Amino acid sequence: MSDTIVWGVEASPYLLKLEACLRFSQTPFRRLPSAGSRRENLATYRRLQRAIRNRQVERYPAMDPQLDEYPSVPFFSPDGKQFQYDSSAIADWLDVNASRTPALTPAEPELRFVVRLLDEAFDEFGLYMVHHMRWKGSANSTPMGAVTGAEMSRLLPLGLHRVIARNIPRRQVRRCPYLFSVAPANYQAGVLPALTPPARQGFPPTHTLLEQCWRECLSAMESLLEQQSWLLGGRFTLADASVYGQLSMNLIDPQANALLHELAPRTHAWLCAIRNGSHVGSAGAISLQPALVPLLQFVMSTFAPLMQQNLAAWQHYSTRGETLFNEAAFDQGRALYDGALKQHPFRAVAKTFQVRVWQDLRQDWLALPAPIQQLLIDWLPSSDVFSAAPTATPITPVS
């Protein structure tokens, strides 16, 4: 029995991403609580909660106490005792500590930057699309509440998993506006009011934007997979893991899954194949190929401008003494700003963890040798965003 543990539930795209990375690195693991006994689950849960309280859950190689959101699921424990979080950071840990080669993140600077960019783009903006397609696109059919309740049944007191099964969908639907999905006024989904994705006063609706982006993303993936097996050509990388983690979330959502299969059959088959472990033996050469261009264009037209606006909003509020950000601020109507994406207006809250993501990517870009930057400029539309001052992107703080 492996001592390596992943703690989380299938509802998390980051858990799906992490499991794909672990399988690629040929690291045996077990997922708790679904694969554990009640006794083991309770003992592990107590250790995890103690580590969280004592701020002993680590982010490899180091946590930024000002910007990182602490802690966040899934959790990874190589020995069943010490815990880590952040799927991308855990992938870095695997590259250093797992015996499998090649690495999830390639060493070549141009490939490394592109993998990092795609990974972060799907972690941040990809989440918005697939969360929306679950709780709006499959509002009356997703089984995620029941699946999560069943996973938690080996941890919770008898019968309490039914409460979880009922409450998880309600909670996730309420969180839709925080995760960028805002319904138009008087929106009806044909389900109970508690399961209807909400509008929010003062917030422009974003359903059309997110569905347009989801379809554009799938079109880019279809074009790529028609020409090659993996995002960078011959093998699986962290970029593939991140795309898989997000898009495969919708495989369990009947309506979203059916539409995904209809619009993007190659992508659907690719996701199912990774779920079944087809990526584990991939070991071909990787490089930047023209097939990747539409996906990079999508990332640079969505993720990049959103991160730039978020950074500008955070800087605005931070310099004026604001200390509350992320979901806690959103719930109190603080640190909000108005922006635009693909000519669609939106209102969002400044998120510190996205500030870190964007700052790290900008630093990575500035650290690239000039010839590598010049090479990537031909691949990345509007790449000047990596070196431009964040105030170059107009944002309107909301008081």
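Structure: above.
Residues numbered from 1 in each chain as written. Predicted model: local features only at pLDDT ≥ 70, side-chain atom pairs only at ≥ 80, totals over all residues. Heavy atoms only, no water.

Caption draft 1: Up close: the overall build of the chain. In terms of regular secondary structure, the chain is built from 14 helices and seven strands. Relative to its length of 399 residues, the chain is compact, with a C-alpha radius of gyration of 20 Å against a globular reference of 21 Å. Its C-alpha atoms give the chain principal-axis dimensions of about 60 × 50 × 45 Å. The buried share among the 399 residues of the chain stands at 55%. (Helix = DSSP H or I, 4+ residues; strand = E, 2+ residues; numbered from the N terminus. Rg over C-alpha atoms; globule rule 2.2 N^0.38 Å. Buried < 20%, exposed > 50% of the residue type's maximum accessible area, 1.4 Å probe, protein only.)

Caption draft 2: The environment of glycine 284, seen in detail. Looking at the element boundaries, glycine 284 is found in the loop between helix 10 (265-275) and helix 11 (293-318). Residues glycine 284 and arginine 356, spaced 72 residues apart in sequence, show a C-alpha to C-alpha distance of 32 Å. Sequence-distant contacts of glycine 284, defined by excluding residues within four places in its chain, comprise Gly234 and Arg235. (Contact = heavy atoms within 4.5 Å.)

Caption draft 3: Quick look at the state of the cysteines. Applying the stated criterion to the full structure yields zero disulfides. Free of any disulfide, cysteine 176 has its nearest cysteine sulfur in cysteine 213, 16 Å distant. Among the residues examined, cysteine 176 registers a relative accessible area of 1% and is labelled buried. Between cysteine 217, a free cysteine, and cysteine 213, which holds the nearest cysteine sulfur, the sulfur-to-sulfur gap is 9.0 Å. (Disulfide = S-S within 2.5 Å.)

Caption draft 4: Representation of helix 1 (residues 13-24). Here helix 1 spans 17 Å end to end across 12 residues, near enough to the 16 Å set by a 1.5 Å rise per residue. When helix 1 is considered as a whole, its buried residues turn out to be Pro13, Tyr14, Leu15, Leu16, Lys17, Leu18, Glu19, Ala20, Cys21, Leu22 and Phe24. Near the N-terminus of helix 1, the side chain that reaches the backbone nitrogen of tyrosine 14, with its oxygen 3.2 Å away, is that of serine 12. Immediately beyond the C-terminal end of helix 1, within one or two residues, lies glutamine 26, with a positive phi of roughly 55 degrees. (Expected span 1.5 Å × (residues − 1). Polar contact = N/O pair within 3.5 Å; in protein donor to acceptor, adjacent residues only side chain to side chain.)

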